[in-house]
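# Fold and contact review
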Amino acid sequence: AAGVIQSPRHLIKEKRETATLKCYPIPRHDTVYWYQQGPGQDPQFLISFYEKMQSDKGSIPDRFSAQQFSDYHSELNMSSLELGDSALYFCASSLGGGYTPIGNQPQHFGDGTRLSIL
Amino acid sequence: GESVGLHLPTLSVQEGDNSIINCAYSNSASDYFIWYKQESGKGPQFIIDIRSNMDKRQGQRVTVLLNKTVKHLSLQIAATQPGDSAVYFCAETVFGNEKLTFGTGTRLTIIP
């Protein structure tokens, strides 16, 4: 079965540079979520989109922005990168904003983008 | 803020034995729970979920138990195999609140 596709898998940037991470959800999924996972930590929610509209926001820095496009893929834009931004960034997708008439829909994750800031 | 945590950060189990991974959650409003498995270099992989109107759910070799009274969740893996070695996370969410709150993972190591 098709899964969530993230690109690039690895990205190396320097401080104050910008980065764009891409996420292609599972076909028919209309909701995407972004999470950040530091070394040895659990994933932390950043932001989510349902039907191309921002639906929830977590601990996402103002330097970061994201959007969901008409084909439901999403991009996370990161500017003025800092050393502390080095982490794994995961995208997840689900159907119906996580809840449909038949009940909760689990989030399925991609394999992430490893961002390293030098 | 609300958080989900795990009792044990590491667990070593003999191959073929059963594994039990525990999770305590603090948000009494949480009504949907998911267990994820994360292998090195990969994203969290969905294992099994449970809604708050249930107290037990079974999958292939896995069982999730939910005790809402004490806000406790557990994942039981039957006849553990080397491929079960990974970090396991529980996650919670509240209906209408899409974000998942993850607990601290438990690293499961299978001893041959």
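Above this note sits the structure.
All of the points below concern the structure found in this document. Fair warning: this is a prediction, and the values are worked out from it, not measured in the lab.

Below, the discussion takes up the pairing of strand E9 (residues 86-94) of chain B. Residue and element names in this part refer to chain B. Extensive coverage of E9 is indicated by the burial of eight of its nine residues. Of the strand pairs in this sheet, strand E4 (residues 32-38) and E9 are connected by seven bridges, and their pairing is antiparallel. In the strand pairing of E9, Gln38 is matched with Val87. The pairing of E9 with strand E11 (residues 106-111) spans three bridges and is classified as antiparallel. Within E11, the residue paired with Val87 across the bridge is Arg107.

What follows covers the environment of A:Arg16. Residue and element names in this part refer to chain A. The residue Arg16 is located in the loop between strand E2 (10-13) and strand E3 (19-24) in this model. Note: C-alpha distance between Arg16 and Ser80 (64 residues apart in sequence) is 3.9 Å. When neighbours within four sequence positions are excluded, Arg16 is seen to be in contact with Ser80 and Leu81.

Our focus in this paragraph is the layout of surface pockets. Of the volumes computed, that of the largest pocket is approximately 520 Å³. Listed by contribution, the elements that provide at least two residues to the lining of the largest pocket are strand E9 (87-94) and strand E13 (113-117) of chain A together with E9 and E11 of chain B. For the lining of the largest pocket, the class distribution of residues is eight nonpolar, 13 polar and five charged.

Here we take up the packing of aromatic side chains. Under the counting rule described, the total for this entry stands at eleven aromatic pairs over all chains. Ring geometry for A:Tyr35 against A:Phe45: centres 5.6 Å apart, planes inclined by 70°, an arrangement best described as edge-to-face. With a gap of ten residues between them, A:Tyr35 in strand E4 (residues 31-37) and A:Phe45 in strand E5 (residues 44-50) connect regions that are remote in the sequence. The class for A:Phe45 is buried, based on a relative accessible area of 5%. Look at A:Phe109 and B:Phe102: their rings are 6.0 Å apart centre to centre, the planes differ by 75°, and that puts the pair in the edge-to-face class. Residue A:Phe109 is located in strand E12 (residues 108-109), and its partner B:Phe102 is located in strand E10 (residues 97-102); the two belong to separate chains.

About the cut-offs
- Residues numbered from 1 in each chain as written.
- Chains lettered and ligands numbered in written order.
- Predicted model: local features only at pLDDT ≥ 70, side-chain atom pairs only at ≥ 80, totals over all residues.
- Heavy atoms only, no water.
- Buried < 20%, exposed > 50% of the residue type's maximum accessible area, 1.4 Å probe, protein only.
- Helix = DSSP H or I, 4+ residues; strand = E, 2+ residues; numbered from the N terminus.
- Pairing = 2+ DSSP bridges.
- Contact = heavy atoms within 4.5 Å.
- 1 Å grid on protein atoms, 1.4 Å probe; cavity = no way out; pocket = protein on both sides within 12 Å on 5 of 7 lines; lining within 4 Å.
- Points joined across faces, edges and corners; volume = space filled by probe spheres on them.
- Nonpolar A, V, L, I, M, F, W, Y, C, P; charged D, E, K, R; others polar.
- Phe/Tyr/Trp six-rings, centres within 6.5 Å; stacked < 30°, edge-to-face > 60°.

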